[in-house]
Each structure stands twice: as C-alpha cells, then as structure tokens.
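# Inside the fold
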Amino acid sequence: MIKQHTSQAEAWYLQSEQKAAEYFKLLAQQVSDKSYVTALTDDFKVWKNKHIHRPSIWSFFANDKQKMDASNYHKYLAYLNITGKLDDYLDRSVSYFHLRDMGKYLNSPHTERKVQQMVTMIKRHLIEPKRSNEKAKTQPEFVSLASFYRWAQKEGVEPAAIWVMNKLGSVSSHIPEQMNAEQAQRKLIKIIFGVVMHVLDDIGDDTQAAERARRIDEAIRLGYSYGLTYPYIDDLLDSETLSAQEKERYSQFIRTALLTGKVPELSIQEWSGANAALMEFIHSELKDAFEYIKNYQSPEKINTFFEQSYVFFEAQDIDRIKSLEHTSYTNEELYLPVILKSASSRLIVRSVISAPEDEGFDYRTFYYGIYNQLADDFADMFEDLEDGAVTPYTYYLTHRDKRPDLVNPFELYWAVISNLIHNVYDSDPKTREVILDRAINGLKRCKKRVGQLKYNEIMQIFSSGHPEFNKLIQYMVDKAEDVDFFDKLLRDEMLNVMKHDQSEKEKFLETLKSAQNEINRVLEITKPEGISSMKEPLIDAANYSLEGGGKRLRPLLAWVMGVNEYGLEYPSIIPLLRSLEYMHTASLIFDDLPSQDNAPTRRGRATLHEVHSSATAELTGLFLIQKATEEQASLHQFDPASVLSLIQYSSQKAGEICMGQAMDLNSKGKPLTLAELDMICFYKTGIGFEASLVMPAILAKADEAEMNLLKKYAYHAGIAFQIKDDLLDAEGDVEALGKPVQQDVENNNSTFVTVLGKEGASKMMWDHYCNAIEALNEMPRKTDFLKHLLDYIINRNN
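Residues numbered from 1 in each chain as written. Predicted model: local features only at pLDDT ≥ 70, side-chain atom pairs only at ≥ 80, totals over all residues. Heavy atoms only, no water.

Okay, the overall build of the chain next. For the chain, the count of helices and strands is 35 helices and two strands. Projected onto the principal axes, the alpha-carbon positions of the chain cover approximately 100 × 70 × 55 Å. Sequence-distant contacts, at least 24 apart, represent 76% of the contacts inside the chain between residues at least 6 apart. Accessible area for the chain stands at about 36,400 Å²; split by element, carbon and sulfur atoms hold 52% of it. In the chain, which carries 92 positive and 117 negative side-chain charges, the distance between the mean positions of the two groups comes to 4 Å. (Helix = DSSP H or I, 4+ residues; strand = E, 2+ residues; numbered from the N terminus. Contact = heavy atoms within 4.5 Å. Areas by Shrake-Rupley, 256 points an atom, 1.4 Å probe, with all protein chains shown as cover. Lys, Arg positive; Asp, Glu negative; His and termini not counted. Charge placed at Lys NZ, Arg CZ, Asp CG, Glu CD.)

Below, the discussion takes up the nonpolar core. One finds Tyr250, Tyr371, Trp414, Ile417, Ile440 and Tyr713 to be the most contacted residues of the largest nonpolar core, which totals 251 residues. Excluding its chain neighbours within four sequence positions, the residues that come into contact with tyrosine 371 are Tyr96, Tyr413, Val416, Ile417, Leu420, Ile435, Arg438 and Ala439. (Core = buried A, V, L, I, M, F, W, Y, C linked by side-chain atoms within 4.5 Å. Buried < 20%, exposed > 50% of the residue type's maximum accessible area, 1.4 Å probe, protein only.)

So, about helix H9 (residues 181-202). Between the first and last C-alpha of H9 there are 32 Å, a value that for 22 residues agrees with the 32 Å anticipated at 1.5 Å per step. The N-cap of H9, judged by a side-chain oxygen 3.1 Å from the amide nitrogen of glutamate 182 a few residues on, is asparagine 180. (Expected span 1.5 Å × (residues − 1). Polar contact = N/O pair within 3.5 Å; in protein donor to acceptor, adjacent residues only side chain to side chain.)

Turning to the pattern of salt bridges, a few remarks are in order. Within the structure shown, the criterion is met by 49 salt bridges. The salt bridge partner of lysine 787 is aspartate 791, with a shortest N-O separation of 2.8 Å. With a gap of four residues between them, lysine 787 and aspartate 791 both fall in helix H35 (residues 784-795), about one helical turn apart. What makes lysine 787 buried here is its relative accessible area of 18%. In the salt-bridge network here, residues are joined through shared partners; they are Asp234, Asp238, Arg255, Glu314, Asp317 and Arg320. (Salt bridge = Lys/Arg side-chain N within 4 Å of Asp/Glu carboxyl O.)

Turning our attention to the environment of glycine 669. In this structure, glycine 669 sits in the loop between helix H29 (640-666) and helix H30 (674-700). Looking at glycine 669, the relative accessible area reads 36%, which means it is partly exposed.

What follows is about the packing of helix H11 (residues 229-238) against helix H14 (residues 302-320). As a packed pair, H11 and H14 sit with axes 10 Å apart at the nearest point and diverge in direction by 20 degrees. One finds that H11 runs roughly parallel with respect to H14. For the element pair H11 and H14, the recorded crossing hand is right-handed. Note on element contacts: H14 touches H11 through Phe312, Phe313, Gln316 and Arg320, opposite Tyr230, Ile233, Asp234, Leu237 and Asp238. Among the residues forming the contact of H11 with H14, the class breakdown is five nonpolar, one polar and three charged. (Axes fitted to C-alpha atoms, helices over the stretch in contact; angles between N-to-C directions. Parallel < 35°, antiparallel > 145°, perpendicular 65-115°, else oblique. Left-handed = near helix turned anticlockwise from the far one by under 90°. Nonpolar A, V, L, I, M, F, W, Y, C, P; charged D, E, K, R; others polar.)

With that out of the way, let us pick up the confidence of the model for the chain. On average, residues of the chain score 86 in pLDDT, and 93% of them reach the 70 mark or higher. Counted against residues more than four places away or in other chains, residues 60-67, with its pLDDT under 50, gives six contacts. Low confidence marks residues 129-137, where pLDDT is under 50. Its contacts with residues over four positions away, or in another chain, come to 16 contacts. (pLDDT = per-residue confidence, 0-100.)

Taken as a whole and judged by the stated rule, the model has 45 aromatic pairs. Relative to phenylalanine 462, the ring of tyrosine 393 has its centre 5.5 Å away and its plane inclined at 80 degrees; by these criteria the two rings are edge-to-face. Of the two residues, tyrosine 393 is situated in helix H18 (residues 392-399) and phenylalanine 462 in helix H21 (residues 452-462); the sequence distance between them amounts to 69 residues. Residue tyrosine 393 is classed as buried on the basis of its relative accessible area, which comes to 0%. Measuring from ring centre to ring centre gives 5.1 Å for phenylalanine 682 and tyrosine 715, while their planes differ by 50 degrees; the resulting arrangement is tilted. Of this pair, phenylalanine 682 sits in helix H30 while tyrosine 715 sits in helix H31 (residues 704-731), placing them 33 residues apart in sequence. Under the relative-accessibility criterion, tyrosine 715 is labelled partly exposed at 28%. When the ring centre of phenylalanine 366 is taken as reference, the NZ or CZ atom of lysine 19 above it lies at 4.4 Å. Sitting over the ring of tyrosine 544, arginine 605 keeps its end group 3.8 Å from the ring centre. (Phe/Tyr/Trp six-rings, centres within 6.5 Å; stacked < 30°, edge-to-face > 60°. Lys NZ or Arg CZ within 6 Å of the ring centre and 35° of its normal.)

Here we take up a negative patch on the surface. A cluster of acidic side chains, namely Glu240, Asp376, Asp380, Glu383, Glu386 and Asp387, defines a negative patch on the protein surface. Of all the elements, helix H17 (residues 381-387) adds the most residues to the negative patch, at three residues. Looking at the element boundaries, glutamate 240 is found in the loop between H11 and helix H12 (244-260). (Patch = residues over 30% accessible without salt bridge, like charges linked within 9 Å, V, L, I, M, F, W, Y side chains within 5 Å.)

Given a rise of 1.5 Å per residue, 22 residues ought to cover 32 Å, and the 31 Å separating the end C-alpha atoms of helix H13 (residues 275-296) matches this to within 8%. Of all the positions in H13, only Asn275, Ala276, Leu278, Met279, Phe281, Ile282, His283, Glu285, Leu286, Ala289, Phe290 and Ile293 are classed as buried. Summarising the contacts, the buried residues of H13 are in contact with helix H8 (158-173), helix H10 (209-227), H11, H12, H14 and helix H15 (331-352).

Quick look at the side chain of histidine 283 now. In this fold, histidine 283 is placed in helix H13. Discounting chain neighbours no more than four positions away, the residues touching histidine 283 are Phe253, Val263, Pro264, Glu265 and Leu266.

Looking at the secondary structure, you find serine 309 in helix H14. Judged by its relative accessible area of 9%, serine 309 falls in the buried class. Apart from residues lying up to four places away in sequence, serine 309 is in contact with Leu258 and Ile348.

This paragraph deals with the environment of lysine 444. Along the chain, lysine 444 turns up in helix H20 (residues 429-450). A sequence separation of 224 residues divides lysine 444 from lysine 668, and the C-alpha atoms of the two residues are 67 Å apart. Setting aside chain neighbours within four positions, we find lysine 444 in contact with Met476, Val477, Asp478, Ala480 and Val483.

With that out of the way, let us pick up the environment of leucine 228. You can see leucine 228 is positioned in the loop between H10 and H11. Judged by its relative accessible area of 0%, leucine 228 is buried. On a C-alpha basis, the gap between leucine 228 and aspartate 437 in space is 31 Å, while along the polypeptide they are 209 residues apart.

Even without glycine at this site, aspartate 426 takes up a positive phi of about 55 degrees. Of note, aspartate 426 is situated in the loop between helix H19 (409-424) and H20. In this structure, aspartate 482 takes a positive phi of about 60 degrees despite not being glycine. Position of aspartate 482 relative to the elements: it lies in the loop between helix H22 (467-479) and helix H23 (486-523). Exposure remark for aspartate 482: the relative accessible area of 21% places this residue in the partly exposed category.

So, on to the packing of H23 against helix H26 (residues 570-592). The interhelical angle for the contact between H23 and H26, taken along N-to-C directions, is 80 degrees, at an axis separation of 10 Å. Between H23 and H26, the interaxial angle falls into the category roughly perpendicular. When H23 is examined against H26, the residues Glu518, Ile519, Val522 and Leu523 are found in contact with a partner set consisting of Tyr570, Ile574, Leu577, Arg578, Glu581 and Tyr582. Of the residues assigned to the contact of H23 with H26, the class counts are seven nonpolar, no polar and three charged.

Structure below.
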C-alpha cells in the first residue's frame, strides 16, 4: 500500500516538475537573449513619471528626515495622511496583497471594489481621533488582542478568536530556543490573516450574518491549522533543534501522513532528551490540525490538497538537504524546487478552504510565486550564506567564478518581473505599477539595511551581465519616491511590538517575583518585646495565614503604581502594602469559615479554622483589619489630609467588600442574573483591585479623571479575574490551584460558568479584558505593567 502511495506521489511531483521546467526554460531564454531588458526599460520610462519628480513644498518643510522615516510607524502614517499620500499608499499595498496572496487580476471590478473596502477599513483603524493626553502608543490599535477580539465580536466569531488566541499562546511557549519565536508567530498570524481574506473575498455581500460567521470561524481555524506547519515543520527542520537522524525521521513521518492521509503514531523513545516532550506536543497539535483540514475537505478536493501539500513539502525538503559545498548542481536543480515550493505554498491555501475551481488563480499563482521567493532570498542571502543554506543567490555567490553556466538569479528576477507584467497580467498598468514599486522598494530596503558599500558590492556582482540596465535600476533606487508598502511597515511594527511585549513581559515577571519576595519579607507581624504569652496565639494565627503565599497582586499593584508611575519612595509606602495584604488575607479567612464557604484548604495549605478553630479564625480576621488601619495611619511621610482621605476611602471599600460577601452568602444555592453576578463579583474582587490602584493615586494627589480611569480598569480587570477563577474551578488542576476544584458546582453556587457556560464565560472574560485595555488606552501615562497584568490574569493556571 505504501509503495502504491509513493508511486502516486512521485507522479504528482514529476508532473509539477515538468511544468516548472517549462517555466524555467522560458525565463532562462529571456535572461540569455536579454529580452527582459528592453521591455522593462520601456516600463520604467512610464513608471518613473509618477515616482521621480521635483521636490515638493512638503519636502521643503519636512527636511527632518524622521518625519518621513518609514521605521516610525505612527509618525510615518501621520506624514502620509497630512501630505495626502495615504490613499495611494494603502491602495498599492492592498492591491499587492490581492496580487500576491489571492492571485487576483487587479483590473477586475470585483478586485477593485474589494481593494477599496479594505483600504477604507484600514483607514478607519489607522486614523484615530487624537486623544487629549497625547500618550505615545506602544502598538497599532488593530495589532492588539483587544482589537482582534472586538473585530471577532462584530463578526460573531468570538469562540474561534478565543480558540486561536489560546493556540497562539501555546505555540509561542513551545518554540525551541534555536528558533525565532517572534518570526514564527508573525508568520503564523500572517497565514491566518491570508486564509481569512481568501474566505472574505469569496463571501458575497448578500450572505446572511450566520453563514458569514460560520465561514469566518472555519477560516480562522483552517488558517491556524495550515499555518502551524510553518513553525513546526519548515522552521523546525531548518533549525538546529533536531539532530540529522531526527530530521530524517521527522521528514519521513510527514511524508507518510501526506501519502496515506493518516498521521502515524509517535514513538517518544526515538527522540532525544528535551526533544521527546517537544515532539509529543508537536505531534498532538499537528495531528489535530491535520484532521481538521482533512475533515473540512470535500471528497472531490481531498486529492488536490494532498497533491499540492506533497509537492510543497518535497520541494522544500529537496532544497533543505542541499549543500553549498556541492559544486555541480544544475540550474534546473537550483530553480525548479524554488518555483514549485513558492507556487504550491499559495495554491494550498485555496485547496485548504475548498475554494471553487479557478483556472485563472492557478495560472497566475504558479507563475507569480518565484517572484516573491527570489525577492525574499535576495533579502536573506547573507543570513542564508552564514547558515550554509543553498538558494540561487548563495550558490551563485559561492560558485560563480568556476561555473559560468550558472544563471544569474538577479537577472532571472527581472526576467520574472517582465514575464509577469507582459505575459501573465497582459501589460495591465496597475499591475506594472505595483510590481515595479515592490521591486524598487526591496532594493531600497536592502541598501538601507546593508549600507552603501556592501550594496554597491552586491550590485557589481549581480549586474555584471547588463551594466546599462543596472544603471537605470540604481537611478530608480536613488531617486524614486512613494514605493513603500503597508505590509512591510506592519511586519516591522509587529516584530517591534512582539519584541517589546516579550521584553515587558519578562520585566513584568521579574517585577512580580521580586515584589512578591519583598512583600513577603515585610508582611510578618512581629511580636513586641515582653508580649504576654496569651497574646501570642493570635499573632501566630495571623502570620500563619500571611505565610500561605499567594500572588500578592494587590500590594504588588500598589507598589508598581506608587513607585513606578507616581514616583513615590518605596520605604514610604510599605505600610500601604502591608495594609492591602492584611485586608485581603482577612477577607479570605472570613470567606473560608464553616459559616461561609467552609473551605478546607487555601493556597495549598489547611485553612486557618482547620488548624486552630473558627473562633480563632474570626478573631484573627478582625485583628488583621485593625492592623491594616494601623498601618495606614502610619503613612507619616505624606500629607495628613491625603492620608486621612486614604483611610476614609479604605474604610468605605472594606465595608463594600463585606456587603459583597453578604450578597454572595445570601445567593448560595440560588439562581442569579448576570447583573447580580457582576455586582457581587465587583464588590468581592473588583474593589480590591481598585483600592490597590486608587490608594497610591490618593497619596500622589492624582486628578479625578485619572482616578476614574483607574476605577474603570479595576472594575473590568476584577471581573475578568473572577471569571478566570470560575473557569479554573470548572476545569482547572487541583495541584496548580492549591485548592479543591468544582466546589461551586458541588455547593450549587451561581458562577459565571454556571450562568453562562464555559464558552459564554470565556467570551465575557475577553469582553472585560477589552474594556480594561480601552481604559488603559485613555490613561495619561505608560501602562505596560497593567496591560501585562491583564494578560497574566486571563492566561494564568492558578
């Protein structure tokens, strides 16, 4: 049976290879007879009229190059908007996406309408009203998880959005150190976006909302399932994570799956060290992804999917095992796999979504792919050389002196461009405009990245076959304007955001750990000298509860807000930190009592009333509340009026927390409405978050508007925290949580999960997450820590 499948696969590849060989022969002939030069020279004569002109009045006023520096996302978009260039910039960018990823013909009315719809959508998210605080944004609005979820709400696909966000987080945490986590995640997001755009393009304007939501939901899951192959097959096999023997075993594993339509079982014993756990995870994820795609395929499409997938993988694998030391690769051996893998990677997308037959798409996509691949290989040639990877560029650089028969890949690149413009797209003016824009922009970016000297050296090597044409190209590179693209800007910004987020996340976790250690150090209640032995048990009981660990989120929040945001001295606010944790611990002691929740464990240890008695626990709770007030009254380094205001605020909030607990107790065993649940949750949890933020603000004399934003953030963060608690209680792990799970169901208590179900509770948690993020966006100061706190809240497992 395997032999039969192998024979079929070989036929698939041979047929595709013959088609690629015919295409390469056509391109090589154009390089040989230089016919591409004449055609492109005429094209550039037309093209330059739009891109090379006298300096405008704007360039006179905008002599500060930073204003036009495309590396600054927000400033550059503002510059384009104010100079009236934004519409053209977005139009060519979106047109290029339809050309490259969707195989569209740009002069069709349908494509023109879709391009303008997408331009309008992007502008709506790009050009936002200026906020009064003018706070510098750390990332584009629509790159954020909150904006993605808001879009999902609008489309009615929240479950798919939540699913894919959880999946992306899981992938990110399982990228080996030898691989680039940011690039892997960016590529995966790009593929998901591409698949969704393919589906949106196929959805008619008259499609019912439910059907539209169903198809977008499927597209998100299909995009992830297909995109997962890039980090966990291509990138993994390209990295040094696996040994040579493991790579060979894994490649055969993938082939077997594509040939038989079934994912083989994985023998963990065959993988060394840490790779065993990694491969177990990857096997599970890829198997689920494979089954999802396979089950989505219609019977008449399934063979097309397997055929294109096999051709893509085989072409990748042939390229991967090549060695730069090998001196006799033919031009066909170098270029045919490039043609096949670049075309197949895009053809697969259409088969993944079971799109209708479209000969025009297949034709354009097959011929287009190598253009993009050659451009990417040119951009990456020095990294590829360093890694010893074989591409047409690295092989030409290495062996050109002894191999005059080698086709110059840079010349072939221009032959591809000429062929696309005149033969594939019938000399369409807009296609010519977009493709030449992209080509010149790629060279400009290369020149900026490697520097003038290195760039000149590169051009001297690759342009030796036709120096006059190269002179024309370099003139365009030096003089042409308005050739940049939004996808490049967005890619760079996404990588910047991911790196920034990773750096801030690491700082957040470091702060979390150091703050927890420091707060734990100062929490212990010391026994006064000469204390009566009759008083010691109460202090011991209080310290037992305080020693139980916990996240210390409330004093930690107060520390960050007080020290990092308001510039208060850490030693001066230690009493405030103590008071917050004393109040919180007291509330937990009361909450655990037999007369209330009757909890046997808390923070992985027996609750206080189990160790001592209910009476001792009640008295300890009261003792801690009084200690909290005593600590607040000892904030001597602050204005007395502010301290008094803080104590008054704290007393009010303590009373409201008691009211929340009373409401909670009275609701035991009763069905609650969502509004009632929200109210109880806020009084029990949200107020604690609010106090942690507002009390340092009171000491710092922050204005009322800022206080209100902090309260809004705390309200939504607190409810998100409680919903996550309810989800963990419903499906969490006892060991991770440090307390029993499914207690709410056993006690017949209303929770967000029992009222809304797991899916509904997850949707509401993300809605509160978005509301909290939107409050942060209005804050007049940096809020990275609070943003990462939200991420921590919804991603935690305890």
